[in-house]
Amino acid sequence: MPEGDTIYRAARTLHRALAGHVVTKFESVLPKLTRVDFDSGIVGRTIEKVEAEGKWMTIHFSGDLILLSHMLMSGSWHIYRPGEAWQRRAVDMRILVETASFVAVGFNVPVAEFHTAASLARRSGFNTLGPSLLAEEFDEVTALTRLQSRAEEEIGVALLTQSLMSGIGNVYKSEICFACGINPFRRISALKKQELECLVSTARKFLLANVTESSGDGIVTYTGMRRTTGRANPEDRLWVYHRRGEPCRKCDTPIESRKQGIDARTTFWCPACQPTSGAIIQRSVAAG
Ligand SMILES: [Zn+2]
C-alpha cells in the first residue's frame, strides 16, 4: 500500500510536470469523472497545482475544480512524454490528463472524484485528516494531543489512524515502533509522553528521509522502495517489516508478526527489543 511519502513524491512529480500548463486532453473510464467532463469540461483549464494530503492526492484545475484521488492498495500515477510507451497495460488506465508536454496517467486508481473547494472541505475522510507528517510546518502538538485522546487504542492501530496524524502506512507503522523500542500492542494510556514523542518524531524523520530529492526516480512515481535502515542494499532496507522469523538486526531474536486491529493489518516486531512492559528505555535509530 502506498504510504504518505510515496503519494508525496508522486504529487511532487506531477506538480513539476503539469503545474501552469493547459489541459489538452482528459480521459477517464470512471463514470463519475466522465460525467463532470461532459458537464463543465476539463480541456482548456490550467492545472494550478498538485498536492498530497496524507495519502490523498489533489490536482487543482482553474475554475475551482479539484480532482481528488486515493491510491488504496493498487493505484499509481505515471508521467510520460506524449507518444512514449506506457509501463503499464492500457486496460489499467483509469485517468489521463495531458498537456502539450506531458501525459499523466493514473493506473488502477480506485478512488477518484471531482470537487469544488467547498465540497472537498466537506468530504468525509479528507476533511478529518490529522496533521500531515510531511507538512513543512508539522503540527506536533496537535498530533500528540490527538494520539493521547485515544487512551485505550493500541499504538499500532493509532499510528494508522489518519485522523490522528496523516501519512503513516502499514510498513512505517512497524518500523517506527521498532525504532522507538515500543511494542505495537501497548495501549496509548500505558505509554510515557517521551515514548509518544519518539513515535511522532521518528515517523516524521522516516517519512522525510524518503522524500529527499535523491529518493525519487522522477518518472515512475510509485516504486514501493523505502529506506529506513540507511543501507544501500534493498534487501536490507527495513528493520522488521516482512521479516517474520528472521533474526532481529539488533539482537538476533526472531521477528514476530500478528494481525492487529479491526482491519487486521499485519504488524511486525522484535519481542526482545519491544517488550510489552515497555521497560526498555526508548532507543534511537538513525534514518537515512
Ligand atoms: Zn531485537
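Look above for the structure.
Below, the structure is looked at part by part. (Residues numbered from 1 in each chain as written. Predicted model: local features only at pLDDT ≥ 70, side-chain atom pairs only at ≥ 80, totals over all residues. Heavy atoms only, no water.)

1. Observations concerning the packing of aromatic side chains
Consideration 1: All told, the structure shown has 8 aromatic pairs when counted by the stated rule.
Consideration 2: Both rings, one in Y80 and one in W86, keep their centres 6.3 Å apart while their planes meet at 20°; by these two values the pair is stacked.
Consideration 3: Judged by its relative accessible area of 1%, Y80 is buried.
Consideration 4: With a relative accessible area of 30%, W86 lands in the partly exposed category.
Consideration 5: Ring centres of F178 and W239 lie 5.4 Å apart, and the angle between their planes is 25°; this geometry places the pair in the stacked category. Of the two residues, F178 sits in helix 6 (residues 170–179) while W239 sits in the loop between helix 7 (193–209) and strand 9 (256–260), which places them 61 residues apart along the sequence.
Consideration 6: Feature note: the residues F26, F61 and F114 constitute an aromatic cluster, connected by ring pairs.
Consideration 7: When the ring centre of F185 is taken as origin, the NZ or CZ atom of R258, which lies over that ring, is 3.9 Å away. (Phe/Tyr/Trp six-rings, centres within 6.5 Å; stacked < 30°, edge-to-face > 60°. Buried < 20%, exposed > 50% of the residue type's maximum accessible area, 1.4 Å probe, protein only. Helix = DSSP H or I, 4+ residues; strand = E, 2+ residues; numbered from the N terminus. Lys NZ or Arg CZ within 6 Å of the ring centre and 35° of its normal.)

2. Describing the environment of L199
Consideration 1: Mapped onto the elements, L199 comes out in helix 7.
Consideration 2: Owing to a relative accessible area of 0%, L199 belongs among the buried residues under this scheme.
Consideration 3: Spatially, the C-alpha atoms of L199 and I176 are 6.2 Å apart, while their sequence positions differ by 23 residues.
Consideration 4: In this structure L199 touches I155, I176, C177, C180, I182 and L191, once residues within four positions along its chain are discounted. (Contact = heavy atoms within 4.5 Å.)

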